[in-house]
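Coordinate inspection notes
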Amino acid sequence: MKNKPLLRIRNIILPLVFFLLLISGCASTTQVVLLPDPDGKVGTLEVSNVKGTQTLNQAWQATVSASMDRIPSEPKLLEEEKVRQVFREALEAEPIPPVSFIIYFRTDRSALSTESLTLLTKVMDAILSRKSTDIIISGHTDAVGAIDYNHRLSLRRAKAVADILIARGIDRQNIQVTYHGKGNPLVPTPDGRPEPRNRRVEITVR
Amino acid sequence: METENTSFEPKLEFMKFSLIPICLVFILVIGMAEANEPRAGFVKNVSGQAFIERNKVVTAAKVKDMLRENDILVTGNNGAMGVILQDNSVMSIGSNTRLVISKFAFEPANEKLSFIAQIKKGTVVYLTGLIAKLNHSGVRFETPAATCGIRGTHFAIKVEDSGN
């Protein structure tokens, strides 16, 4: 009989402990830090949950959201070193962003100018620094000429660029060549109008 | 009788010929669905224990592996992984991380531009690409306690149990 009150307390405590464990088990915190862009500029980041939104607009500023039922914390400036420490693994694994290049051509030509060959040296650097296995080369023409002819011309231009990269040691299997004829202009023009900016090959190195 | 025959034959012929194109279209549609399985990106670098979970099947992640919508990126104690997505955005994860690519659509011509990732735990660094540029509300990171809408370009997120 004396045991009964104790049992009753247990009956309350056990579910309570279980409930608290359940809550803490579900709860997880989210920390968000705004980083400077690779070019040094800083954007704006909105972090929100159902209770509200915080806006980060300085590099290394952070906010913490502990749960969905509390507004994220006031933005706080962290030390760059500490952020680099916390996110070291992810920052070290961060790939160099893809980069694109454009090479221009004279009317009806697929031969590269001396300046274009110089630009290809920069393309080579971009490929090597990224250890890129994903190089996309797309050929284009302006709106002068027949559709079929322009398809072939744009392919010749793209292949001319690919051949030079291959000759400089890039694995052919890492290059995808596409051609668009006059179908994908950088500067839209009426059909038949010459436009030097559309006579081009675009190279994306990823 | 003759008139009946002549009216029947063309019908049968029509049936025969109509079945073949229907079958062909069917096969083509299935084939296209396979081929059009949207590619979300690819693995750029891997270190330590790093995996891709697809349809509940876990495989070790390798450089150049293709990523799709609904794939889950998983790392163990000493794992890390860097990926490049189709819109040229760049994402990397540190150890003990679990990230779901819950939505990825990059079809500028059809104005389908969105990327939604769920971070279950771990550390993630993201640098935006064309989706965020073309659709200001197109990129979102969801965690158990918050959602990140993005107008900026480069940020880091850490999700951890409050007990830790």
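Notes on the structure follow. Model, not experiment: these values are computed from the prediction.

This paragraph deals with the overall build of chain A. Looking only at helices and strands, chain A has five helices and nine strands in total. Put simply, chain A runs from its N terminus to its C terminus through helices and strands in the order α-β-β-β-β-β-α-α-β-α-β-α-β-β. Within chain A, the proportion of its 206 residues that are buried is 30%. Intrachain contacts of chain A at a sequence separation of at least 6 include 59% that bridge at least 24 residues.

With that settled, the discussion passes to the environment of glutamine 31 of chain A. Along the polypeptide, glutamine 31 of chain A turns up in strand E1 (residues 28–34). Residue class for glutamine 31 of chain A comes out buried when judged on the 25 C-beta atoms lying within 10 Å of it. Sequence separation of glutamine 31 of chain A and leucine 91 of chain A is 60 residues, and the distance between their C-alpha atoms is 16 Å. Contact partners of glutamine 31 of chain A, with chain neighbours within four places excluded, come to Ala62 and Val64 of chain A together with Lys158 of chain B.

Moving on to the nonpolar core. The biggest cluster of nonpolar side chains holds 56 residues, and the ones touching the most others in it are Val33 of chain A together with Met81, Val124, Phe155, Ala156 and Ile157 of chain B. Considering each element in turn, this core owes the most residues, eight residues, to strand E9 (residues 112–127) of chain B. Once you skip the residues sitting within four places of it in the chain, phenylalanine 155 of chain B turns out to touch Val32, Val33, Leu34, Leu35 and Leu45 of chain A together with Tyr126 of chain B. Ile137, Ala158, Ala162 and Ile203 of chain A belong to the second-largest nonpolar core, a separate cluster that totals 15 residues.

Quick look at the interface of chain A and chain B now. Chain A puts 39 residues into the contact, and the matching count from chain B is 40 residues. Put simply, the parts of the chain that give the side of chain A that touches chain B at least two residues each are E1, strand E2 (45–49), helix H2 (80–86) and helix H3 (88–93) of chain A. Looking at the side of chain A that touches chain B, its residues break down into 20 nonpolar, 12 polar and seven charged. Pairing of E2 of chain A with strand E11 (residues 146–150) of chain B involves four bridges; the strand directions are antiparallel. Across the sheet, residue valine 47 of chain A finds its bridge partner in E11 of chain B, namely cysteine 148 of chain B.

Let us now look at the sheet that holds strand E9 (residues 200–205) of chain A. Residue and element names in this part refer to chain A. Ordered in space as E6-E9-E7-E8, the four strands form an open sheet in which the pairing is mixed. One side of each edge strand has no neighbouring strand; the edge strands of this open sheet are strand E6 (99–104) and strand E8 (175–179). Adjacent strand axes in the sheet meet at a mean angle of 15 degrees, parallel and antiparallel pairs treated alike. With five bridges connecting them, strand E7 (residues 135–139) and E8 associate as parallel partners. From the neighbouring strand, isoleucine 136 faces E8, where its bridge partner is glutamine 176. Against the sheet, helix H4 (residues 114–130) makes contact with E6, E7 and E9, and its axis sits at roughly 160 degrees relative to E6, the strand it touches most. Here helix H5 (residues 147–167) sits on the sheet and contacts E6, E7, E8 and E9; the angle it forms with E8, its principal contact strand, is near 160 degrees.

About the thresholds
Residues numbered from 1 in each chain as written. Chains lettered and ligands numbered in written order. Predicted model: local features only at pLDDT ≥ 70, side-chain atom pairs only at ≥ 80, totals over all residues. Helix = DSSP H or I, 4+ residues; strand = E, 2+ residues; numbered from the N terminus. Buried ≥ 20, exposed ≤ 12 C-beta atoms within 10 Å, placed from the backbone. Contact = placed C-beta atoms within 7 Å. Core = buried A, V, L, I, M, F, W, Y, C linked by C-beta atoms within 7 Å. Nonpolar A, V, L, I, M, F, W, Y, C, P; charged D, E, K, R; others polar. Pairing = 2+ DSSP bridges. Axes fitted to C-alpha atoms, helices over the stretch in contact; angles between N-to-C directions.

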